[in-house]
Amino acid sequence: MTMRLRFAPSPTGYLHIGGARTALHNWLLTRKNGGVFLLRIEDTDRKRSKPEFEEQILRDMTWLGLDWDEGPSKGGDYGPYRQTERQGRYTQYIERMLAEGTAYRCTCSKERLTAVREAAQAKGDKPKYDGHCRDLNLGPDCGEHVVRFKAPLTGQTVVADLVKGDVAFNNEELDDFIIQRSDGTPTYNFVVVVDDHEMGVTHVVRGDDHLNNTPKQQMLYEALGLPVPQFGHLPIILGNDGGKMSKRHGDTSVGAYRDKGFVPEALFNYLTRLGWACGDMEHFTADEAVAAFGLDGVAKAGAKWDMDKLSWLNQQWIMGLDTADLAQRCLPHYAEAGIEPDERLEAVVATVQARAKTLVDLVAASAFYFAADADLEWDDKAVKKFLKPATGPLLRELADALEGAPEWSESALEAVVKDFCTAREIGLGKVAQPIRVSMTGQKAGPGLYEMLVAAGKPMALRRMRGGADRCPPADG
RNA sequence: GACCCCUUCGUCUAGUCAGGUCAGGACACCGGGUUUUCAUCCCGGCAACACGGGUUCGAAUCCCGUAGGGGUCACCA
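In this convention, every chain numbers its residues from 1, walking through the sequence in written order. Note on labels: chains are lettered from A, ligands numbered from 1, in written order. Restriction of local features to residues with pLDDT of at least 70 applies here, the model being predicted, together with a cutoff of 80 or more for giving and counting side-chain atom pairs; totals for whole chains, interfaces and linings are based on all residues. As a rule here, side-chain values come from all non-hydrogen atoms in the structure, and water together with hydrogens is ignored.

Hey, could you run me through the overall build of chain A in this one?
On a plain count of helices and strands, chain A comes out with 20 helices and 11 strands. Along the longest, intermediate and shortest principal axes, the C-alpha atoms of chain A span 105 × 50 × 35 Å. When the 476 residues of chain A are sorted by exposure, 49% land in the buried category. Here, residues are in contact when the closest pair of their heavy atoms is within 4.5 Å. Counted over contacts in chain A with a minimum sequence separation of 6, partners at least 24 positions apart contribute 74%. Put simply, DSSP marks the helices as runs of H or I at least four residues long and the strands as runs of E at least two long, and each gets a number from the N terminus on. Think of it in three bands: with a 1.4 Å probe and only protein chains considered, a residue is buried below 20% of the maximum accessible area for its type, exposed above 50%, and partly exposed in between.

Would you explain the environment of Leu174 in this entry?
Checked against the element boundaries, Leu174 lands in the loop between strand E6 (165–170) and strand E7 (178–180). Every residue in contact with Leu174, bar those within four places of it in the chain, is listed here: Lys128, Phe169, Pro215, Lys216 and Met219.

Help me understand the protein's contact with RNA strand B in this model?
Every one of the 58 residues lining RNA strand B counts as a neighbour, but Arg181, Gly275, Ala354, Leu428 and Gly429 are closest to it. Any residue with a non-hydrogen atom lying within 4 Å of a molecule or strand is treated as near it. Within 4 Å of the protein, the contacting atoms of RNA strand B are 67% sugar and phosphate, with bases supplying the remainder. Interatomic distance of 2.7 Å between a backbone N/O atom of Gly275 and a phosphate oxygen of RNA strand B. Think of a polar contact as two N or O atoms within 3.5 Å of one another; within protein, one of them needs to be a possible hydrogen donor and the other a possible acceptor, and neighboring residues in sequence only count if both atoms come from side chains. Backbone polar atom of Gly429 to a base oxygen of RNA strand B: 2.3 Å apart, as the coordinates give it. Looking at the surface near RNA strand B, the elements that each hand over two or more residues are helix H4 (110–122), E6, strand E11 (303–304), helix H10 (307–320) and helix H18 (429–440). Ranked by residue count, the leading element in the surface near RNA strand B is H10, at 6 residues.

I keep staring at the side chain of Asn26 and nothing clicks. Help me out?
Within the secondary structure, Asn26 is located in helix H1 (residues 17–33). Here Asn26 falls in the buried class, since its relative accessible area comes to 0%. Side-chain polar atoms of Asn26 contact the backbone oxygen of Val205, separated by 2.9 Å. Here Asn26 is in contact with Leu5, Arg6, Phe37 and Val205, once residues within four sequence places are set aside.

Right under this line is the structure:
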């Protein structure tokens, strides 16, 4: 039987990294086993759901490299894939349960329910419905009512979880929960069961926070006589203080990481590795992850978000990218920074490729190449330390020498600079940092010769001479 | 409060199911080397089995208990 897995986001906000990881695990498991990955949009919360959130979620998933086989914009034989478009198909299941006596109408007022709950809490018991209408056999004309599931009173419901193992719940802990509201709409725990069944879902892999819903859903499957899917509950992502990951721990949306210059391969890599391990695999591609993945390798405990490791992985990925590809990926970030790169882009990017943890860093590190000479940012300490009175003439003479270099290549420039130093019996240190400061305004930057070549002859000579002008006059 | 889940270096984890290597790797951190910058790269170091009982010749691993952390308790999904 073909494995069918699903990811069911609510379009009430952006794609959270926790949701992204859930989607990732589902995707990985599907691709590993040649199954079908479907997307279901749970948009029944009409007040908070917005089409633009749905678009954003789909866009972020695509960016991360997660594709789906069935769902919005894809279609499929089990649609529609938006819950608001599925309303109406739930009533037949409700009717059946009512007819078979596994559900009943309840006319208890909210006031009474609140009173019952408060009384239970006062006694220290778990708040639950007291079953007032359970055996009243109320008919359809009983007035305003909800429909409740007639849950088993005794015994246990054991969830055979793929991640946590068998988890047993005493049925007396659960109550006759509502499956249809007084306005006629079905509730989440009921809808999920019907949808997952109708969509042929064989494995429900979702966040830890749903584990307590699972016995309810399992009971519903059993009451309806439907096959129970396999369940797997993934631990959630925690902030560095051990609490639930939230904005105060850092960015929580996939989009924020894209905007900050993380490449999707790195986020994918990090998210997969967070709470999952396969031997010593640390830096891997999606294909490698698919080949190695299994729910048995998923940790049972929550994992803390570690920006340092994500950054390291991002740097590793950036270093490994083809330079032309990397240059393309930087374009939006240059635009964001108000920089218009020219034809030197690829050569420029090559000089800073190993010097950036994010694309935003990379753009910042290469900004000096594209800045107007007058707009260079000067580090006062660097200027004071390396552009001294005696440096000016040296810089000027070296610029003249470089101007006559046989060709504008790293090896040719290196030969000219070395000869220059040898002839004057000075160390390379006397000119290397002054050149760098003149070029960049800063004391750290790309390698000397690669930088001169990437900058191009006109800019290199101009800036060296400009640096010379910046040196204080020899007589003070 | 009740129920459920969880607990190996600061962090992510291997090892646990089939008890027996100085408890392994990675990030971070510290030190050294390469690069007359920075980054990369290389070498080295620091650092953990939550606690208490048991079972056993031997326990991170099996059993019991305790503590701590997290999650869930809606006519929300």
